[in-house]
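What follows is each chain in one-letter form.
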Amino acid sequence: MASQPSAPPSDLLGEEAAAPPPYNRARAWLITAMIVTFMVVNFADKAVLGLAAVPIMDELEISHGTYGLISSSFFLLFSLAGLVVGFVSSRVTSRTLLFVMTLTWAVAQLPVLVVAAVPTLIAGRVLLGAAEGPAASMSMHALYKWFPPHRRGLPSALQISGAALGTLVSAPVLTWLITEHGWRSAYVALAAVSATWALVWWYVGHDGPFDDAPAGRTRKRGEHNPPAAGTPRLPYRKLLLTGTVLGSISSAFGASWALSLSHAWLPSYLRTELGMAPGAAASTISAIAGFSLVLLLTVSPFMDVLKSRGVSSRWSSGATQGIAVCVAGSAMAVFPFTDGTVPQLLLLGLAFGTGAVAVPLHYMTAAEVVPTVQRGAVFGIVAATGTLPGLVTPALTGYLIDAADTTASGYTAAFLISALVMILTGLLAVALIRPERDAERLEVSVLHGS
């Protein structure tokens, strides 16, 4: 009787028989804690210029427009770096990428300590932006290497919650440093924290088993993950033109518009237009960040529950991220015309806190239609295009403030433009994101274990 065909013996392939990669719960959550801390430092670095905006503008005697250009310079290389490093991530370990990024963050804080002037502020922000451009996408990519697809909801939410936590913690701490010891002291503190995180990460931050290696392949210690044999690669044009990826970029764009406006101008707005003291403004920013944190820790795990009960990704993670951006945009349009401190602060919280929900969800939806071996590159592209508002929003807001009859009317114009962008991008996300349909068309569902 003829023998049945069988897979080549594992000793001929140099691999063990195919089996699911092992899930190391303790190690996975240690990596999650490190990456949450990474995002905390990341967003503290972003926030420091906005928190120091008033004393910097006063000391250096610069206009709103010049300050807006300084703030926007952070994004000059931000998107490009995210795009380039996304492609590099298939050849360089996440451990190395995140280590180099954080060391560069530390270096980027130093120029302004030597000479406090507009050129050094710009130089530091450009370097920082280049090093932080890939941060969110590459840290998410590193995190996904430690969790199977059905366990990624809570870790994704925690990773993005590091952004809210970073603002929540850094706003009062950095404001205290700026008020009591001068704004330069905040830059020194952030340089030290970034360097410390890099050293700890180099010791613990190894890449996980849920990577691009063939299923079940056991790697030897120190071995890099090669692309999986037989894993299909799809043309990037085909991947990027799917409705799900376009919709994910759209929601990222709307959320990023609000985020960049918040980092650059919200502290100054609270102090100069709402008359808050530095401590009160910092507390308000922390409260908004706390609201974002609660949403992030609630919504993303709830998406996992919905999916486990058969709700499609289109309606769970897809529609949710678009609606969140629309809600934030609607609040942005209303609060400049609202009287009363309490209603205005509630609307500010919705405008600047709700859109954060879209960030982990747009990574989750994009990941569902992309082959694993190309995920890092697509994450880089989504991050690069989705964060382009940072290059425009701060400078545009500064221009509008300087060009308006009053500072208040300039802020109002900026908020209304932001609201329009956010509502349109949120509606696009709701309409376009359909992971199940697009995964079937691309024939990649098998790669995600479905």
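All values reported here derive from a predicted model rather than from experimental measurement. (Residues numbered from 1 in each chain as written. Predicted model: local features only at pLDDT ≥ 70, side-chain atom pairs only at ≥ 80, totals over all residues. Heavy atoms only, no water.)

Further remarks concern the overall build of the protein. On a plain count of helices and strands, the protein comes out with 21 helices and zero strands. Split into buried and exposed, the 450 residues of the protein put 54% on the buried side. Within the protein, contacts between residues at least 6 apart in sequence are counted, and of these 82% link residues at least 24 apart. Here the protein displays about 18,500 Å² of accessible surface, and carbon together with sulfur accounts for 67% of that area. (Helix = DSSP H or I, 4+ residues; strand = E, 2+ residues; numbered from the N terminus. Buried < 20%, exposed > 50% of the residue type's maximum accessible area, 1.4 Å probe, protein only. Contact = heavy atoms within 4.5 Å. Areas by Shrake-Rupley, 256 points an atom, 1.4 Å probe, with all protein chains shown as cover.)

A few words now on the nonpolar core. Most often, soluble globular proteins keep nonpolar side chains buried together rather than apart. M332, F335 and F352 are the most contacted members of the largest nonpolar core, which totals 50 residues. Apart from the residues lying within four places of it in its own chain, the contact partners of F352 are A258, L261, S262, L266, I288, S292, M332, F335 and F415. F74, W105, L143 and A383 belong to the second-largest nonpolar core, a separate cluster that totals 49 residues. (Core = buried A, V, L, I, M, F, W, Y, C linked by side-chain atoms within 4.5 Å.)

The next point concerns a nonpolar patch on the surface. Together, L76, L77, L80, L83, V84, F87, V88, L391 and V392 make up an exposed nonpolar region whose accessible area comes to about 690 Å². Elements supplying a minimum of two residues to the nonpolar patch: α5 (78–88) and α19 (389–403). With five residues, the single largest contributor to the nonpolar patch is α5. Along the chain, F87 falls in helix α5. Here F87 falls in the partly exposed class, since its relative accessible area comes to 35%. (Patch = residues over 30% accessible without salt bridge, like charges linked within 9 Å, V, L, I, M, F, W, Y side chains within 5 Å. Salt bridge = Lys/Arg side-chain N within 4 Å of Asp/Glu carboxyl O.)

Here the focus is helix α18 (residues 372–386). In a regular helix each residue adds 1.5 Å, so 15 residues correspond to 21 Å; α18 covers 20 Å between its end C-alpha atoms and thus fits that length. Within α18, 14 of the 15 residues are buried, which leaves the element mostly enclosed by the surrounding structure. (Expected span 1.5 Å × (residues − 1).)

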